Amino acid sequence: MYYVLNLLVYGAVDAMACLGLSQQFGIAGVTNFGFIIFQAAGAYAAAILSLPPDSANGGFQSYLGGWSLPFPIPWIGAAVAGALLALPFTFLVGRRLRGDFAAVGLLVTAVLVNLLVTDYRPFLNGDAGLAIVPSPLQGELNPGSTGYQWAYAAVVIALAGGVYWFVRRITESPYGRTLRAMRDNDRVADSLGKNLLSLRTAMLVTGGAIAGLSGGVLVGFINTWSPAAWTYAETIVLFAAVIIGGAGNHRGAVLGAVLVPLAFEEGSRFIPNSQNLPPNLIPSLQWVAIGLLIVAFLWFRPQGVLPERKRVIAMPGKAAASASTPAAVPGRAPPSAGQGVGVSVGQGDGVSAGQGARAHGAVLQAVDLSRDFGGVHAVSGVSLAVRPGTLTGLIGPNGAGKSTLLALLAGTDRPSAGKILYQGNDITGLPAYRRARIGLIRTFQLASEFKRLTVMENLLTAAPGHRGDSLRGAVAGRRYWRGDEAAMITRAEAILRRFGLTDLANSYAGDLSGGQRRLVEIMRALMTEPAVLLLDEPMAGVHPELARRIGMALTGLCREGMTILMVEHELAIMDEFCDPVVVMAEGSVLAQGTMAELRERTEVVEAYLVG
Amino acid sequence: MSIFLASVGFGLITSAVLAIAAIGFTLQFGVTDVLNLAFAAVMTAGAYVAYWVNVSGFSVWIGLLVAMAACSLLSVLLNVVVYTPFQRRGSSPITLVIVSLGMALIIEFGIEAKVGGIDVSYTMGQGRTFRVGGLILTTVQLVIIGISLVVMAGVHVLLKYSRLGKAMRATAANRTLARNCGIRTSRVITLTWALTGAMCGLAGTVFAIDIGSFGPTSPDLFLVLILAAVFLGGPGHAYGAMLGALLIGIATEVSAAFIAPDYKYVVAFVALLAMLAIRPAGLLGARA
Amino acid sequence: MSAELALRGASMRADGVTAGYGGDPVIHAVSVRAEPREVVSIVGPNGSGKSTLLKSLVGVLHVSAGTVMIGDRDVTNLPPEEVARAGVGYVPQVDDVFAPLTVRENLEMGGYLLPRTQVSAHIEQVMAVFPRLGSMLGRPAGKLSGGERKMLAMGRVLMLEPAVFLLDEPTASLAPAIARSLLDEHVRRLAEGGATVLIVEQRARAVLAISDRTYVLGGGRLQLEGTPAKLSASPDFVRSFLGGGGQSIPSGGA
């Protein structure tokens, strides 16, 4: 009976810890090799909150605190301690440090913290650890009774259920989608305006709280806690569990908790130790087995027993696709363009009037813009005015400075001199994400899709101002954000239809062809309803037929009021879709006009032939 | 004799042992792109190989040579059987780190399963005691420092003047371009594992000699010092590792003398975290 | 400037080479050839597959169809180090030097396959060809200017006196005057010294001036082929760069 109870409590505690780790590692891609110290922090916190002052027990153990606080304060304190401990480590998981270096830092932290606690007795009784930690409500109830223990197991299992509910609520929210996007490609998530530091901090803190709670719950049951219980290698056991169960799948994490720590460590505890075996043999071999399991699973089944499942999103408009356009989401970007840019599938009727009214000025303007890289003038003295509603092409030989100019306009690079005006305002000093918020969006030359998100999810990730795209929104639950979600799905669906990719909405972006992936990036940019879209070689490596389709979709967008500036080397595309076309060479603007006009100009021909 | 000088003396020995290990680790990472967290486990294997040779009646110095050969072989196997297949498949760096941690468990606890949890020592004399300008050092300690200096000079000569060393540097700097120069990089990588594996075995044995008695998990904490030295100097940077080893070795022992012996690792730990946070390319690293 | 080169060239032939980066092929059934003492250029607009072609010739990219021959030897899909050992010197467009290593060390890496005793002599010879490198042997390659860096990259390749030089846009990101002198003085001289030179360039006019034959690549396929004189006179040549219908060719200045 004791055996079963023990298994239940340990299983539930391990499940909690694995869920926290699954969220950090499987969903958010934060490899926290120091996870176990958060559990330890919770256990110690619960212990010193519930223990009497150390003088009370004859001084056989010494520790901080000793406040004799009643249940449930120790458990709450355990979660808080785990969460607080996370804060100092946020600097390690910021955006600058390579993931594997950060993991090494956390691993070393875990080793060191264990060492310090072991060696410094006054703090938490050192090597011997804390004993006779009170069980919850032990004054009122009898912790030794079977009824108490069954109740304890039930409460712990319920708590594990609560943790499951909590992590699932986060993971399955738009916020969880953002976390998975960060896991797949943090640089691109950053460029979409996701705050990596805040996302990773939130993961460390919530994961820390869950780990802390699991520690607090465990210590209330076993009544002792010492450094031997939380060596750095225990983290690896939890990693093994999550990898084997299936990183990114919370059910997998629970399964892993049952399979690995429980079956291995706790289960074998009850195997009678054969008399003629050395005492250390079985535990050592268990560690060897854990190591083998990790390596074998990463090789043979990296997705785990229960792989991360695909989030298929039903599209309400699909059935009625041909019938009517869905309700428009008001587009903030082009004020006079009427209906939202990304939404209406129609011909953009009634738009041309508004566009005509705005056609005189420039929506985006570069004034004498320069950028030097250590003496090389990548861009020198470029002045350029992009008229609203145009699909402006930017061409030029290699090294002409096109991509640099685009980066300056988008704010991903800073000019050495000159000004950038957007809708009449000077935005030269504005960082990229702020420019994105006012409707100036760029795409990158390299493929940047989130591979393990579906096409639909890739689009939804880019949706700005989504109520569910924050920790608070995620915790508030589906009811809080489902309105936004439905609107975004509608918007995404309209964009997908415009580019003819509706059928691939629920395919993983990583499974698409190169050309389709470029499309995903353009569509993702459109989700933000930009006023001005800066595209860097959107048709590079795209099949000509698909390139034409992209070109037609882009001119359609411009007809509805959007402004697009596009770097592209496929001149046939320029001929067909772009007016005007700007030619750059050696950092300067050489000429501007239609392709046909440009071909007549000697300096343009020479720029291309002489280079 | 002052406590300070004595602690500097201890620090020099720690630095000497650390330098051998840190140079091996950093060359391994620089040339092969594997952040091999099983390094300390392989060191342990080396220390035990030397022990088994030692208890069979041979000198520990013979054992040291056998340990070098064994660790060299073990490291090559580790690469051929485990790391290279993962790299060929295009696994992410973080996957490789997890795999190396798994290998660390397998090796370390494989040894523990065999030898049990009891610490052992080599049978050897410590030789005479020397006083050098206020420092007190035994013959064995001087030999350890000597070995370390030889290793550092050897690595310098290797990288600067030998064909293999040049190929290693070329492979580390730009693998594709190295191949375009006709360098057979896969062979260079294998030889790098063999060489750094030998250094690992050497480091494991002199580490065990230095600390007197050791067990299967003794080098665990030493890995913290190795990582600190490597990241202080800049990962992949052999001369950086030498500098890092010197600084970390002396800083830990001096702090042990003046604060408390138990906290000597804290200095290394703080140095490591500070480098990771502020300058991940290290003191001698080029990139910010 | 009068260092005499005595290089033994070999003919290089690519027949029907199709290659790419894993997905759809980028170049389709491209055939080019170059003989000793020839400068053969490959020109074409951005994205036409020029660099891809060169990478597939030296074993950096997998060739899915076709053959690559150096003299009588089939080097199709040999690893890059074996192609180098077969006598092909390749200067990539970017990452063309070992940036952390000094100029001298870069040259030593280039001469990795030489017997130890010959390395210094070969460095002397390279410095005779690229005298500017002589004063900067101790500098890290990453600190050189664009032109110096490209000379070093070519010098590194010259260390082995390869039979075939493959140069991928050596003048990219160089100032026009430096680009011209690099092509006129150095690239041309390699061929005059006996080697086979296959060069990819975007500066079509400049490279035409030093070429014996030129291929024009567009959309991953061979569009035109001929002598520089013949190509310059062809309206198709300008069109292959700027597209469009049958406009008259503006009179060029070069």
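Since the model is a prediction, treat every value here as computed from it, not as a measurement.

(A) Looking closely at the overall build of chain C. From N to C terminus, chain C includes nine helices and ten strands. In terms of overall dimensions, chain C is globule-like: its C-alpha atoms have a radius of gyration of 18 Å, near the 18 Å expected for 254 residues. If you line up chain C on its principal axes, its C-alpha atoms span 60 × 40 × 30 Å. For chain C, with 254 residues in total, the buried portion stands at 51%. In chain C, the proportion of contacts linking residues at least 24 apart, taken out of those at least 6 apart, comes to 68%.

(B) The arrangement of the sheet that holds strand β4 (residues 63-70) of chain C in detail. Residues and elements named next belong to chain C. Taken in spatial order, the four strands line up as β2-β1-β4-β5 in an open sheet, and their pairing is antiparallel. Looking at which strands have only one partner, the edges of the open sheet turn out to be β2 (25-34) and β5 (73-74). As paired strands, β4 and β5 are joined by two bridges and run antiparallel to one another. If you follow Ile70 over to β5, its bridge partner there is Arg73.

(C) A look at the nonpolar core. Residue and element names in this part refer to chain B. Formed by 388 residues in total, the largest nonpolar core has its most connected members in Ile226 and Ala228. If one sorts the elements of this core by residue count, helix α1 (residues 3-32) sits on top with 15 residues. Beyond its immediate sequence surroundings of up to four residues, Ile226 is in contact with Leu18, Ala21, Ala22, Phe25 and Phe39.

(D) Main features of helix α14 (residues 402-410) of chain A. Among the nine residues of α14(A), eight are classified as buried, and the element is accordingly described as predominantly covered. Just beyond α14(A), the residue with positive phi is A:Gly411, at close to 90°.

(E) Quick look at the sheet that holds strand β7 (residues 532-536) of chain A. Residues and elements named next belong to chain A. Here six strands make up an open sheet; going across it, the order is β6-β7-β8-β3-β9-β10 and the pairing mixed. Single-partner strands in this sheet number two, and they are β6 (440-442) and β10 (588-593). The average angle at which neighbouring strand axes cross in this sheet is 20°, direction not considered. Judged from the five bridges that link them, β7 and strand β8 (residues 563-567) form a sheet pairing that is parallel. For Val532, the partnering residue across the bridge sits in β8 and is Thr563. Together, β3 (391-395) and β8 form the strand contacts of helix α20 (residues 544-559), whose direction differs from that of β8 by roughly 150°.

(F) Just the interface of chain B and chain A, in detail. With 31 residues of chain B at the interface, the matching set in chain A holds 33 residues. Of all the secondary structure elements, the ones that give two or more residues to the side of chain B that touches chain A are α4 (93-115), α9 (219-233) and α11 (264-278) of chain B. By residue number, the principal contributor to the side of chain B that touches chain A is α4(B), which donates 15 residues.

(G) Expanded view of the packing of helix α4 (residues 99-119) of chain A against α9(B). The N-to-C vectors of α4(A) and α9(B) enclose an angle of 130°; their axes lie 10 Å apart at closest approach. Compared by their axis directions, α4(A) and α9(B) come out oblique. Note on packing geometry: the crossing formed by α4(A) with α9(B) is left-handed. On α9(B), the residues that touch A:Val104, A:Val108, A:Val111, A:Leu112 and A:Leu115 of α4(A) are B:Asp220, B:Leu221, B:Val224 and B:Leu227.

(H) Spotlight on the confidence of the model for chain A. Residues and elements named next belong to chain A. The predicted model of chain A has a mean per-residue pLDDT of 85, with 89% of residues at 70 or higher. Mean pLDDT in chain A bottoms out at helix α13 (residues 351-358), which sits at 36, and peaks at helix α2 (residues 35-50), which reaches 96. Within the model, the stretch residues 320-359 combines pLDDT values under 50 with 77 contacts to residues more than four positions away or in other chains.

(I) Quick look at the pairing of strand β1 (residues 364-373) of chain A. Residues and elements named next belong to chain A. Strand direction decides the pairing type here: β1 and strand β2 (residues 376-386), joined by seven bridges, are antiparallel. In the sheet register, Leu364 faces β2, and the bridge partner there is Val386. Both β1 and strand β4 (residues 417-422) contribute to a ladder of five bridges, which runs antiparallel. Opposite Val367, over in β4, you have Lys419 as the bridge partner.

(J) Structural detail: unusual backbone geometry. Following A:Phe71, the chain continues into A:Pro72 via a peptide bond in cis, with omega recorded as 5°. Take A:Pro72: it is sitting in the loop between α2 and α3 (73-86). The residue after A:Asp579, namely A:Pro580, is reached through a cis peptide bond having omega 0°. Mapped onto the fold, A:Pro580 is located in the loop between α21 (571-577) and β9 (581-585). Positive phi, normally seen in glycine, also occurs at C:Ala29, with a value near 45°. Residue C:Ala29 is classed as partly exposed on the basis of its C-beta count, with 14 C-beta atoms lying within 10 Å. You will see that C:Asn77, though not glycine, has its phi angle at about 60°, which is positive. Classification of C:Asn77 by C-beta neighbours within 10 Å gives partly exposed; the count is 16.

(K) Summary view of the environment of A:Gly212. Residues and elements named next belong to chain A. The residue Gly212 is located in helix α9 (residues 196-222) in this model. A tally of 34 C-beta atoms within 10 Å means that Gly212 is categorised as buried. Measuring from C-alpha to C-alpha, the distance between Gly212 and Gly20 comes to 9.9 Å, with 192 residues separating the pair along the chain. Setting aside residues up to four positions removed in sequence, Gly212 forms contacts with Phe38, Gln39, Ala41, Gly42, Ala45, Ala78, Ala79, Ala81, Gly82 and Ala83.

Definitions and limits used
Residues numbered from 1 in each chain as written. Chains lettered and ligands numbered in written order. Predicted model: local features only at pLDDT ≥ 70, side-chain atom pairs only at ≥ 80, totals over all residues. Helix = DSSP H or I, 4+ residues; strand = E, 2+ residues; numbered from the N terminus. Rg over C-alpha atoms; globule rule 2.2 N^0.38 Å. Buried ≥ 20, exposed ≤ 12 C-beta atoms within 10 Å, placed from the backbone. Contact = placed C-beta atoms within 7 Å. Pairing = 2+ DSSP bridges. Core = buried A, V, L, I, M, F, W, Y, C linked by C-beta atoms within 7 Å. Axes fitted to C-alpha atoms, helices over the stretch in contact; angles between N-to-C directions. Parallel < 35°, antiparallel > 145°, perpendicular 65-115°, else oblique. Left-handed = near helix turned anticlockwise from the far one by under 90°. pLDDT = per-residue confidence, 0-100.

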